[in-house]
Amino acid sequence: MKIVSAKVIVTCPGRNFVTLKIETDQGVHGIGDATLNGRELSVVSYLQDHVVPCLIGMDPQRIEDIWQYLYRGAYWRRGPVTMRAVAAVDVALWDIKAKMAGMPLYQLLGGRSRDGVMVYGHANGSDIAETVDAVGQYIDLGYKAIRAQTGVPGIKDAYGVGRGKLYYEPADAALPSVTGWDTRKALNYVPKLFDKLRATYGFDHHLLHDGHHRYTPQEAANLGKMLEPYQLFWLEDVTPAENQEAFKLIRQHTVTPLAVGEIFNTIWDAKDLIQNQLIDYIRSTIVGAGGITHLRRISDLASLYQVRTGCHGATDLSPVTMGTALHFDTWVPNFGIQEYMRHTEDTDAVFPHDYRFEKGELFCGETPGHGVDIDEELAAKYPYKPAYLPVARLEDGTMWNW
Ligand SMILES: O=C(O)C(=O)C[C@H](O)[C@H](O)CO
Ligand SMILES: [Mg+2]
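Before going into details, it helps to say that this report is about the structure given with it. None of the values given here were measured: they were computed from a predicted structure.

The rules we used
Residues numbered from 1 in each chain as written. Chains lettered and ligands numbered in written order. Predicted model: local features only at pLDDT ≥ 70, side-chain atom pairs only at ≥ 80, totals over all residues. Heavy atoms only, no water. Helix = DSSP H or I, 4+ residues; strand = E, 2+ residues; numbered from the N terminus. Rg over C-alpha atoms; globule rule 2.2 N^0.38 Å. Buried < 20%, exposed > 50% of the residue type's maximum accessible area, 1.4 Å probe, protein only. Contact = heavy atoms within 4.5 Å. Areas by Shrake-Rupley, 256 points an atom, 1.4 Å probe, with all protein chains shown as cover. Lys, Arg positive; Asp, Glu negative; His and termini not counted. Charge placed at Lys NZ, Arg CZ, Asp CG, Glu CD. Donors = N, O, S within 2.8 Å, 3.2 Å for Na, K, Ca; no water. Near = heavy atom within 4 Å. Polar contact = N/O pair within 3.5 Å; in protein donor to acceptor, adjacent residues only side chain to side chain. Pairing = 2+ DSSP bridges. Axes fitted to C-alpha atoms, helices over the stretch in contact; angles between N-to-C directions. Salt bridge = Lys/Arg side-chain N within 4 Å of Asp/Glu carboxyl O. Phe/Tyr/Trp six-rings, centres within 6.5 Å; stacked < 30°, edge-to-face > 60°. Lys NZ or Arg CZ within 6 Å of the ring centre and 35° of its normal. Core = buried A, V, L, I, M, F, W, Y, C linked by side-chain atoms within 4.5 Å. Parallel < 35°, antiparallel > 145°, perpendicular 65-115°, else oblique. Nonpolar A, V, L, I, M, F, W, Y, C, P; charged D, E, K, R; others polar.

Below, the discussion takes up the overall build of the chain. When helices and strands are counted, the chain shows 13 helices and 16 strands. For the chain, whose C-alpha radius of gyration is 20 Å, the value lies close to the compact-globule estimate of 21 Å for 402 residues. Along the first, second and third principal axes, the C-alpha atoms of the chain reach 60 × 45 × 45 Å. A buried classification covers 58% of the 402 residues belonging to the chain. Here the analysis covers contacts within the chain between residues at least 6 apart in sequence; of these, 72% occur between residues at least 24 apart. Carbon and sulfur atoms make up 51% of the accessible area of the chain, which amounts to about 16,000 Å² in all. On the chain, the mean spot of the 39 positive side-chain charges and the mean spot of the 49 negative ones are 3 Å from each other.

What follows is the structure, encoded as structure tokens:
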């Protein structure tokens, strides 16, 4: 069996997506997601110019060997661009293998560990009252777990506050828009949100919050401690994870569960945090961390330390990643939760899929493969549009972490 073509498809049905379609001499094709939000074309070039020429003629059944070829063989390892390209190939090959076997992907991974996959949605509002209402709407939709982000008085365009109700899309301008940040204001305001949420809705639902890399370790520890009475499911990315020692300080001061890893690319980014039991949930997902082949290694390491998975699932991860992640979540023994930001109708039409939402859970389908395809004719109607993630500055103009 041979790979006869590998095509990179860029489409923007409301936001940009990069998709790799691999075709075989047996007429079976597979697709993988390669989207890197705000830096999409770098992965397009990596794939088109440097990966596709190597793939033609290879045996698509040799998933592990091709993974090693692309990872070791490049000499330059890791990084978001490389690992997204590797992920796209890997997922397309798993899709092909599962189609050839006539099985939904979760069966190939080892079969079902659960019926449905608990997801969390994103509730947000410009202030506490609006966010409390938004959380109520998610509860009404049947969600069991909800991430709550609020605008903070005095902070311009605080992280996580969208414009529509169920949709949130931060990559919104042809050049990065400038948002603000003020830790003091956030530390005074965010705990009040969770106080109000628990007073309004009680403790039956899981609540989550994303610090989006904004706090110093000491501030993060303080926030975690202040949030303890509200029993969060997790506090995410509360400080940047480049310096993983920082998490020791946070851990010493709070029992609020910690989640990290949506910007990690490999097991090497996560290894120390996991082995030192400094986090409770690992956020890496299929497209970010080298596909099924590599994410499986990360989750196996995590399982040794009772760290559970919490795959990233923002809108910049295409339905291909979502569908694949759901097969992974359905199998993975140490599953925690899956993030679920809904895609727009236009996106869903470009990527026909068989997963479905019901009562706070997502269910992968039984179609052979990962259950997601691309309508190339429709995709061609939505040409690429430059769109950047915002940047953040403090009040005095200092650059901060968005
Ligand atoms: O979904 C989350 O938790 C995020 O932090 C979303 C990220 O900002 C988004 O994926 C960036 O592209
Ligand atoms: Mg996040």
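Still more ground to cover, so stick around.
Now for the coordination of the magnesium ion (ligand 2). Coordination of the magnesium ion (ligand 2) by the protein comes from Asp210 (OD), Glu236 (OE) and Glu262 (OE), over a distance range of 2.0 to 2.3 Å. Looking at Glu262, the relative accessible area reads 14%, which means it is buried.

Moving on: the site of ligand 1. What surrounds ligand 1 is a group of 15 residues, the closest being Asn37, His212, Glu262, Asp316 and Glu339. Interatomic distance of 2.9 Å between a side-chain N/O atom of Asp316 and an oxygen atom of ligand 1. For ligand 1, an oxygen atom lies 2.4 Å from a polar atom in the side chain of Glu339. Coverage of ligand 1 by the protein amounts to 94% of the 330 Å² it exposes when considered alone.

With respect to topology, three strands assemble into an open sheet ordered S1-S2-S3, the strand pairing being antiparallel. Each end of this open sheet is capped by a strand with a single partner; those strands are strand S1 (3-11) and strand S3 (29-33). Across the sheet, the mean angle separating the axes of adjacent strands is 20° when strand polarity is ignored. Sheet topology places strand S2 (residues 17-24) next to S3; five bridges connect them, and they run antiparallel. Bridging across to S3, Thr19 finds its partner in Asp33. Packed onto the sheet, helix H1 (residues 40-55) meets S1 and S2 and runs at close to 175° relative to S1.

Examined against the element boundaries, Arg214 turns out to sit in the loop between strand S7 (206-210) and helix H7 (217-227). No salt bridge is formed by the buried Arg214; the nearest opposite charge belongs to Asp210, separated by 8.0 Å. Here Asn401 takes part through its backbone oxygen, which lies 2.7 Å from a polar atom of the side chain of Arg214. Discounting chain neighbours no more than four positions away, the residues touching Arg214 are Tyr159, Gly180, Trp181, Thr183, Glu219, Asp237, Val238, Trp400, Asn401 and Trp402.

Let's shift gears to the environment of Ser284. Its place among the elements puts Ser284 in the loop between strand S10 (281-282) and helix H10 (291-304). Owing to a relative accessible area of 3%, Ser284 belongs among the buried residues under this scheme. Here the alpha-carbon distance between Ser284 and Val28, two residues 256 residues apart in the chain, equals 29 Å. Excluding anything up to four places from it in sequence, Ser284 contacts Gly261, Glu262, Phe264, Ala289, Leu295, Ile298 and Cys311. In this structure the side chain of Ser284 is engaged in a polar contact, spanning 3.1 Å, whose partner is the backbone oxygen of Gly261.

Turning to the pairing of S2, a few remarks are in order. Buried residues dominate S2, accounting for seven of its eight residues. Hairpin remark: S1 followed by S2, antiparallel, with five residues in the connecting loop; positive phi at Gly14, about 105°.

By the element assignment, Thr347 lies in helix H12 (residues 345-350). On the accessibility criterion, Thr347 (2% relative accessible area) is buried. With residues up to four places along the chain from it excluded, the contact list for Thr347 reads Pro13, Phe17 and Pro319.

Counted under the stated rule, the structure contains 13 aromatic pairs. Taking the centre distance of 4.9 Å and the plane angle of 75° together, the rings of Tyr75 and Trp76 count as edge-to-face. A single burial state applies to Tyr75 and to Trp76, both of which are exposed. Aromatic rings pair up to connect Tyr120, Phe233, Trp234 and Tyr281 into one cluster. Between the NZ or CZ atom of Arg214 and the centre of the ring of Trp181, over which it lies, the distance is 5.1 Å. Here Arg342 stacks its cationic end above the ring of Phe357, 4.9 Å away from the centre of that ring.

Moving on: the nonpolar core. Judged by nonpolar contacts, the single largest core of 109 residues is most densely connected at Ile22, Val89 and Phe194. With nine residues, the next largest nonpolar core counts Met118, Ala145, Trp234 and Tyr281 among its residues.

Let us look at the packing of helix H2 (residues 63-72) against helix H3 (residues 80-101). H3 packs onto H2 with a crossing angle of 170° between their chain directions and a minimal axis gap of 10 Å. When the axis of H2 is compared with that of H3, the two are roughly antiparallel. Residues Ile63, Ile66, Trp67, Leu70 and Tyr71 of H2 form the contact with H3, whose own contacting residues are Met83, Val86, Val89, Asp90, Leu93, Trp94 and Lys97. When its residues are assigned to classes, the contact of H2 with H3 shows 10 nonpolar, no polar and two charged.

What follows is about the sheet that holds strand S6 (residues 178-181). Strand order in this open sheet of three strands is S6-S15-S16, and the pairing throughout is mixed. Of all the strands in the sheet, the pair left with one neighbour each is S6 and strand S16 (399-400). Of the strand pairs in this sheet, strand S15 (residues 391-394) and S16 are connected by two bridges, and their pairing is antiparallel. Residue pairing in the sheet places Ala392 in a bridge with Trp400 of S16.

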